[in-house]
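Structural overview for review
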Amino acid sequence: MLPLLAIAASVIIGSTLIARYWNSIKDWIIRAAEKVKEFVKGIVFGVRVFAKKLGEAYKEISRHYSKNKQGSWEETTVTRKIDSSDVPSDILKMASSEERDITDKLELQLQ
Amino acid sequence: MPIVKEKPNKVTGFPQAKPTERAGIITPVQAKFTFDDLILDQTVKSEIDDLLSFRKLQYQVFEQWGLSKTHKEQKKVAINFYGPSGTGKTMAAHGVASHFSKNIMQVNYADIESKYVGDTPKNLVKIFEQAKATDSVLFFDEADAMLSKRVTDMTSATDTSVNQSRSVLLMLLNDFEGIIVFATNFISNFDSAFMRRILGHVHFPLPEYEARKKIWQHLLPKKLPNSLNIDRIAKEYDGVSGSDISNAILKSAMRAARKNMACVPDEFFTHAIEQITKSNRKNHQITVTKKSVSESFVQQQLEKG
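Calculation criteria
Residues numbered from 1 in each chain as written. Chains lettered and ligands numbered in written order. Predicted model: local features only at pLDDT ≥ 70, side-chain atom pairs only at ≥ 80, totals over all residues. Heavy atoms only, no water. Helix = DSSP H or I, 4+ residues; strand = E, 2+ residues; numbered from the N terminus. Buried < 20%, exposed > 50% of the residue type's maximum accessible area, 1.4 Å probe, protein only. Contact = heavy atoms within 4.5 Å. Areas by Shrake-Rupley, 256 points an atom, 1.4 Å probe, with all protein chains shown as cover. Buried area = accessible area lost by both parts, 1.4 Å probe. Salt bridge = Lys/Arg side-chain N within 4 Å of Asp/Glu carboxyl O. Polar contact = N/O pair within 3.5 Å; in protein donor to acceptor, adjacent residues only side chain to side chain. Pairing = 2+ DSSP bridges. Axes fitted to C-alpha atoms, helices over the stretch in contact; angles between N-to-C directions. pLDDT = per-residue confidence, 0-100. Phe/Tyr/Trp six-rings, centres within 6.5 Å; stacked < 30°, edge-to-face > 60°. Lys NZ or Arg CZ within 6 Å of the ring centre and 35° of its normal. Parallel < 35°, antiparallel > 145°, perpendicular 65-115°, else oblique. Left-handed = near helix turned anticlockwise from the far one by under 90°. Nonpolar A, V, L, I, M, F, W, Y, C, P; charged D, E, K, R; others polar.

What about the overall build of chain B?
From N to C terminus, chain B includes 13 helices and seven strands. Looking at chain B as a whole, 44% of its 305 residues are labelled buried. Partitioning the contacts of chain B with sequence separation of at least 6, the portion at a separation of at least 24 is 73%. Of the roughly 16400 Å² that chain B leaves accessible, carbon and sulfur atoms contribute 53%.

A word on the side chain of His94(B)
By secondary structure assignment, the location of His94(B) is in helix 3 (residues 89-99). Setting aside residues up to four positions removed in sequence, His94(B) forms contacts with Ala31(B), Lys32(B), Phe33(B), Ile104(B) and Gln106(B).

A few points about the interface of chain A and chain B
With 25 residues of chain A in contact, the opposing surface of chain B contributes 26 residues. Here chain A and chain B share an interface that buries about 2600 Å² over both sides, 53% of which is from carbon and sulfur atoms. In this structure, the salt-bridge partner of Lys59(A) is Asp238(B), at a minimum N-O distance of 2.3 Å. There are three residue pairs in polar contact (both at pLDDT 80 or more) connecting chain A and chain B.

Quick look at the environment of Phe269(B)
Residues and elements named next belong to chain B. On the secondary structure map, Phe 269 appears in helix 12 (residues 266-283). Since its relative accessible area comes to 0%, Phe 269 is described here as buried. Spatially, the C-alpha atoms of Phe 269 and Ala 248 are 6.2 Å apart, while their sequence positions differ by 21 residues. In this structure Phe 269 touches Trp 216, Leu 220, Leu 224, Asn 226, Leu 228, Ile 233, Ala 248, Ile 249, Ser 252 and Val 264, once residues within four positions along its chain are discounted.

Some thoughts on the pattern of salt bridges
Residue and element names in this part refer to chain A. Summed over the entire model, instances satisfying the criterion amount to 12 salt bridges over all chains. Ionic pairing is found between Asp 104 and Arg 48, a salt bridge with its closest N-O pair at 3.8 Å. Of this pair, Asp 104 sits in helix 4 (residues 103-109) while Arg 48 is found in strand 1 (residues 43-54), placing the two residues 56 residues apart along the sequence. With a closest N to O distance of 2.6 Å, Arg 80 and Glu 60 form a salt bridge. Of this pair, Arg 80 sits in strand 3 (residues 73-83) while Glu 60 sits in strand 2 (residues 57-67), and the two are 20 residues apart along the sequence. On the basis of relative accessible area, Arg 80 is assigned to the buried category, the value being 11%. A residue is classified by how much of its surface remains accessible, and Glu 60, at 0% relative accessible area, is buried.

Description of the pairing of strand 4 (residues 137-140) of chain B
Side-chain positions along a regular strand alternate between the two faces of the sheet. Residue and element names in this part refer to chain B. By the alternation rule, side chains of strand 4 split into Val 137 and Phe 139 and Leu 138 and Phe 140, which are all buried. One ladder, built from four bridges, connects strand 3 (residues 103-107) with strand 4; its direction is parallel. Residue pairing across strands places Gln 106 opposite Phe 139, the latter belonging to strand 4.

Section: the environment of Leu224(B)
Residues and elements named next belong to chain B. With respect to the secondary-structure elements, Leu 224 resides in the loop between helix 9 (209-219) and helix 10 (230-236). Considered as a pair, Leu 224 and Val 264 are 40 residues apart in the sequence and their alpha carbons are 7.8 Å apart. Setting aside residues no more than four positions away along its own chain, Leu 224 makes contact with Ile 249, Ala 253, Val 264 and Phe 269.

A closer look at the sheet that holds strand 6 (residues 200-203) of chain B
Residues and elements named next belong to chain B. Spatially, six strands are ordered 1-3-4-5-2-6 in an open sheet, and the strand pairing comes out mixed. Strand pairing shows two members of the sheet lacking a second neighbour, strand 1 (29-30) and strand 6, which therefore form its edges. As paired elements, strand 2 (residues 77-82) and strand 6 share four bridges and run parallel to each other. Along strand 6, the bridge assignment pairs Ile 79 with Gly 200. Running at roughly 155 degrees to strand 6, helix 1 (residues 42-64) makes contact with strand 2, strand 5 (179-184) and strand 6 of the sheet.

With respect to the confidence of the model for chain B
Residue and element names in this part refer to chain B. Per-residue pLDDT for chain B has a mean of 80; in total, 80% of the residues score no lower than 70. Counted against residues more than four places away or in other chains, residues 1-24, with its pLDDT under 50, gives 43 contacts. At the level of chain-chain contacts, confidence expressed as ipTM amounts to 0.80, with global pTM at 0.60.

Examining the packing of aromatic side chains
Residue and element names in this part refer to chain B. Per the stated rule, a full pass over the model turns up seven aromatic pairs over all chains. For the ring pair Phe 81 and Phe 204, a centre distance of 4.9 Å and an interplane angle of 55 degrees mean the geometry is tilted. On the criterion of sequence distance, the pair formed by Phe 81 in strand 2 and Phe 204 in the loop between strand 6 and helix 9 is long-range, its members being 123 residues apart. The exposure classification of Phe 81 matches that of Phe 204, with both residues buried. Ring pairs connect the aromatic residues Phe 128, Phe 140, Phe 176 and Phe 182, which therefore count as one cluster. The ring of Phe 35 carries the charged tip of Lys 45 above its face, separated from the ring centre by 5.0 Å.

Regarding the pairing of strand 2 of chain B
Residues and elements named next belong to chain B. By the criterion of burial, strand 2 is predominantly enclosed, with six of the six residues buried. Both faces of strand 2 are covered, namely the face carrying Val 77, Ile 79 and Phe 81 and the face carrying Ala 78, Asn 80 and Tyr 82. Summarising the sheet, strand 2 and strand 5 pair through six bridges and their orientation is parallel. Across the sheet, Tyr 82 pairs through a bridge with Thr 184, a residue of strand 5.

Digging into the packing of helix 9 of chain B against helix 11 (residues 242-258) of chain B
Residue and element names in this part refer to chain B. Where helix 9 contacts helix 11, the axes come no closer than 10 Å and their chain directions differ by 40 degrees. In terms of axis orientation, helix 9 runs oblique to helix 11. Helix 11 is crossed by helix 9, and the crossing has right-handed handedness. For the pair formed by helix 9 and helix 11, the contact residues are Arg 212, Ile 215, Trp 216 and Leu 219 on the first element and Gly 242, Ile 245, Ser 246, Ala 248 and Ile 249 on the second. Split into classes, the residues belonging to the contact of helix 9 with helix 11 amount to six nonpolar, two polar and one charged.

See below:
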């Protein structure tokens, strides 16, 4: 699981389509974390990132794990749908109709 | 208070809500839905049940246990339903009214807003008086228009008027002892003073697979000849609301009828829901859902990375 601070503080170097794509995922997770703040009052401990392909659409899913004031755990899922044409073909090949955990792949890109 | 029967629409034949009057008096109508008409996530339903039980426990808590002296302004049941469009917030508000066997007064901001400074608060007062006199559930739809943060840097008469209306609404809420429901897509801009006066906030998420499946089953009429594979469509098309599913069924049935087909084929439903999700993608880039999970599940997720 990725800590949000690590994502926010990291950079992904390069101007290739792949680097641009991972950068867009990184930016999106930061945006998603902002959105999560509207729904979650407790501390978010970390996030996992998934991808899924559905017809023409490609979905990016981030799941944020937090503990509320009553001590119960919550999973807040933020989903973004984008056109497959915006996703590099290598990554598109990886995606299927089942959710695929891409947290480790994103982690490898973060420096 | 007699229940106002709705007249059918001359064109469609369906019942229609009685038009509201801009003067601020809104006719209470019979609730159109009960909770049986709604397919809700179990967590959502249980949160609503908790809030509804508050009314039953009021006598014990306020009168027998003395909280009527210390919590004078908290005898109302104020509930806020928030979440994406089409997730059942309005139906649930009607469900609340049905639950208490009361009529409902549905208020939209346009019903009470006046271009004349000072008239909007007067309309608000009339509505609260009407709700009290008729013992109706008060339902503020698109509530963010009324409950959003007050303007701190007032530069015009409009700003002053908006703040005046919100202050009046706060006072009316303090004095109100009935049942009031708010519904909104945008909770983030709510004024904290309103947040404090609301007993409970219930999030209406987009339905998960099991709920989607139930919604398809519930909304597909038994008499409609069709070859829809409900399990597949519920699995493949997420990020859709109950309202989206309802529209997809209607569009598919209409399309088959137009083509004089005896049965609505599976691909019509798929095409309809695909079109809806495509327009949703353009319209709403991000959806958020929340659920409770076990500690062991989170532990598992932590250990993965």
